Amino acid sequence: MSKMKNKNKKEILEEDIVVKLKPIMGIKPGVYLTFLYAVVVVCILFLLLVFPGLRNPGTLFKFETTPENALIFVDGVYKGSTPCTAFVTKGTHELEIRKDFFTTKKLREEVKGRIFFSLLFPLKRTVTETLELTDPEGFLAKRYQDIGGYALMRDFFDGYQYPKLIERTVKEFQAGTKGKEKELYDFLYAIRFQFGNKPVVQDLSASIKSLSSRYAGIKSDYTTIKTFYADNGYSVKNLSLAYLTAFLEKDRKDVLSEDTILSEDYQKSAAITPEGKAVISPDSGKTITIAGVNFKGIPSGTYTAGNFQNADASSLLTDRYLVSFPHREQIDGFFMMTSEVTVGDYERFLNENPGWRKNSLEALKHKGLVTDDYLFTYNAADSSIPVSYVSWYAAQAFCDWLTDNLPVQYRGNYEVLLPTEAQWEYAAELNYRVSNKKVFKTGNPDGPQAIRFDREGAAGFYDLLGNLWEWSSNYYLTSDTVFGSFGFPDKNSIYAGNERAVRGGSWANSPDEISVTTRGSQDPSWCTPFLGFRAVLVKKVR
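Below is a summary of the structure that appears in this document. (Residues numbered from 1 in each chain as written. Predicted model: local features only at pLDDT ≥ 70, side-chain atom pairs only at ≥ 80, totals over all residues. Heavy atoms only, no water.)

### Observations concerning the overall build of the protein
1) Next: Within the protein, the secondary structure is distributed over 15 helices and 20 strands.
2) Next: Here the protein holds 542 residues, and 48% of them are scored as buried.
3) Next: Sequence separation of at least 24 residues holds for 70% of the intrachain contacts in the protein that already meet a minimum separation of 6.
4) Next: Accessible surface, the protein as shown: approximately 27500 Å² in total, 53% of it carbon and sulfur. (Helix = DSSP H or I, 4+ residues; strand = E, 2+ residues; numbered from the N terminus. Buried < 20%, exposed > 50% of the residue type's maximum accessible area, 1.4 Å probe, protein only. Contact = heavy atoms within 4.5 Å. Areas by Shrake-Rupley, 256 points an atom, 1.4 Å probe, with all protein chains shown as cover.)

Laid out in structure tokens, this is it:
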């Protein structure tokens, strides 16, 4: 209990202190306090129940679409992706529902508002729309690329998981086409070239099972799938979808030996010994020069591509082995540059194509053709050093330039391209039948080294292994070789990968890391100090 002392030092107790309110304008305190309390309560109720409706009247919209994940815009402002809710103020508004490759829905709506209780009980309205798939090929091609990006990943973690894009694609395609399936089955067939990790494989398996619920005839085994395709006229190539379930449930080697499509190539590959691989023999070939660049002829032949030296059950169960699975390749004769494109070669190209010079970097970046490091260390005086910091697109532009400069006898019937992986590996097999010097990390180089005659290989090519990785023309797909090809086998297919294949290793690699079968990949716009290219001259395909 607190105490006080007055000036006469008499103790005053706290309970003896009394505060009395005085009347205001003759109104007793009990009356005006009650009035004040009532005003406060009214103000609070006004702020909660009336003011929101006066200040911002409108309607709470719920947007639902089939398929989902469509973008919602109100007067051009993004509000979310379906299913979602968005508050729209009172008045006339333009609502837009967008989804790439599907119909765009535009709605002009007169939106109402409620004054009372709008905060606690807003007006609600549901907008439900079914979107038609207007560009099935574009939709599937884009999803194939998206899935390919995930297929290239080795690991996922808690904050970044694979979003089951294949299953989502199946559902959205069916919703947007109202049951048209043929393109969808071709898409699922193509996905088998993207077996890069288990989540993608499981997603594909789940997608096939989801189709089973719609068509009772589809099961994940050969007999019922074969019956289904026979009844519906779908391509026999889709029978390989049955491989998927077996891939998950059995030893991979047993699956490959049983599969009616894979068995022949597999048996050939597994039976070949390392000594039996380089059965092809080079001839001297003729050398031609195009715009100062030397090409040497390589004969036609058949060889076993890929890494077959450990073709047993344990190695076949590893993803690293999957990307270079042994298979047979038939090669038509072609010409290949004897060395990697040098700075001197590239300078001649730049003189006739100034739009590819470094001073055009911003324009090239805007088009997505290069990255910031394009021609980062480029020095025209280093004419004999292989050019690096060049993107796949820049390399392809160089090839187009050479095509325009073909000698008269080759024009119209030949073209200059980046080599396919099959062509590159075939040439490397010919070139490295005996050992020769290579530019690898063991020599402590600090970058690509100038072309030297003592590094010429058996077939007359320099630095197919070492010095710089080299761009290939085909996309890098994580399980393409299991099905008999580097890259997607149908060159006219709508399906494309995310990254282009690279071969050969560079000055920064250890020699025990790289062989003629080693595959790598890079985004086609990337420019790095480890990557260059060489070109091939081939007959045009009619």
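### A few points about helix α4 (residues 182-191)
1) Next: Burial analysis of α4 places 8 of its 10 residues in the buried class, which makes it a mostly covered element.
2) Next: For α4, the full list of buried residues reads L184, Y185, D186, F187, L188, Y189, A190 and I191.

### Some points on the sheet that holds strand β19 (residues 531-532)
1) Next: Pairing in this open sheet of 4 strands is mixed, and the strands run β18-β17-β16-β19 from one edge to the other. Of all strands in the sheet, those bounded by a partner on one side alone are β18 (519-522) and β19.
2) Next: Bridging between strand β16 (residues 469-475) and β19 involves 2 bridges; their strand directions are parallel. Note that in β19 the partner of W469 across the bridge is L531. (Pairing = 2+ DSSP bridges.)

### Considering the side chain of Q522
1) Next: Counting through the fold element by element, Q522 comes out in strand β18.
2) Next: Accessibility expressed as a relative area gives 19% for Q522, which makes it buried.
3) Next: Not counting chain neighbours up to four residues away, the residues in contact with Q522 comprise W471, E499, R500, V502, T528 and L531.

### Re the sheet that holds strand β15 (residues 414-417)
1) Next: Spatial ordering of the open sheet is given by β10-β11-β14-β20-β15, a layout of 5 strands whose pairing is antiparallel. Sheet topology places β10 (287-290) and β15 at the edges, where each strand pairs with a single neighbour. In this sheet, neighbouring strand axes are inclined to one another by 30° on average, regardless of whether the strands run parallel or antiparallel.
2) Next: Where strand β14 (residues 334-337) lies against strand β20 (residues 536-539), 2 bridges are found, and the strand directions are antiparallel. Directly across from F335, in β20, lies its bridge partner L537.
3) Next: Against the sheet, helix α14 (residues 392-404) engages β10, β11 (293-298) and β15, with an angle of about 155° to β15. (Axes fitted to C-alpha atoms, helices over the stretch in contact; angles between N-to-C directions.)

### Things to note about unusual backbone geometry
1) Next: The omega angle of the peptide bond from T66 to P67 is 0°, so this bond is cis rather than trans.
2) Next: Along the chain, P67 falls in the loop between β3 (58-66) and β4 (71-74).
3) Next: Note the cis peptide between T82 and P83, where omega equals -5°.
4) Next: As for its placement among the helices and strands, P83 is situated in the loop between β5 (77-81) and β6 (84-89).
5) Next: In this model, N69 sits at a positive phi of 65°, which is unusual for a non-glycine residue.
6) Next: With respect to the helices, strands and loops of the structure, N69 is situated in the loop between β3 and β4.
7) Next: A positive phi is found at F101, a non-glycine position, where the angle reads about 75°.
8) Next: Mapped onto the secondary structure, F101 falls in the loop between β7 (91-98) and β8 (105-111).

### A few points about the layout of surface pockets
1) Next: In this structure, the largest pocket occupies an estimated 1100 Å³ of space.
2) Next: Around the largest pocket, the lining is made up of 39 residues, and of these T420, Q423, S473, K491 and V541 lie nearest the centre.
3) Next: For the lining of the largest pocket, the secondary-structure elements that each account for two or more residues are β13 (327-331), β14, α14, β15, α15 (421-431), β16 and β20.
4) Next: Classifying every residue of the lining of the largest pocket by side-chain character gives 19 nonpolar, 12 polar and 8 charged. (1 Å grid on protein atoms, 1.4 Å probe; cavity = no way out; pocket = protein on both sides within 12 Å on 5 of 7 lines; lining within 4 Å. Points joined across faces, edges and corners; volume = space filled by probe spheres on them. Nonpolar A, V, L, I, M, F, W, Y, C, P; charged D, E, K, R; others polar.)

### Some points on the packing of helix α2 (residues 136-151) against helix α3 (residues 165-177)
1) Next: Two elements in contact, α2 and α3, have axes whose closest approach is 10 Å; the angle formed by their N-to-C orientations is 170°. As judged from the angle between their axes, α2 and α3 are roughly antiparallel. The segment α2 lies against α3, with P136, F139, L140, R143, D146, I147 and Y150 engaging L165, I166, R168, T169, E172 and F173.
2) Next: For the contact of α2 with α3, a count of residues per class yields 8 nonpolar, 1 polar and 4 charged. (Parallel < 35°, antiparallel > 145°, perpendicular 65-115°, else oblique.)

### Quick word on the pairing of β13
1) Next: Residue alternation in β13 divides its side chains into a buried set, H327, E329 and I331, and an unburied set, R328 and Q330.
2) Next: Judged from the 5 bridges that link them, strand β12 (residues 301-305) and β13 form a sheet pairing that is antiparallel. Considered in β13, the bridge of G301 is made with I331.

### Details of the pattern of salt bridges
Proximity of charged atoms lets side chains of opposite charge pair with each other.
1) Next: Applying the stated rule across the entire model yields 20 salt bridges.
2) Next: In this structure, the salt-bridge partner of E94 is R108, at a minimum N-O distance of 2.4 Å. Placement of E94 in strand β7 and of R108 in strand β8 is noted, with a sequence separation of 14 residues between them.
3) Next: Take E94: its relative accessible area is 36%, and that puts it in the partly exposed class.
4) Next: Linking E109 and R125 is a salt bridge whose minimum nitrogen-to-oxygen distance equals 2.6 Å. (Salt bridge = Lys/Arg side-chain N within 4 Å of Asp/Glu carboxyl O.)

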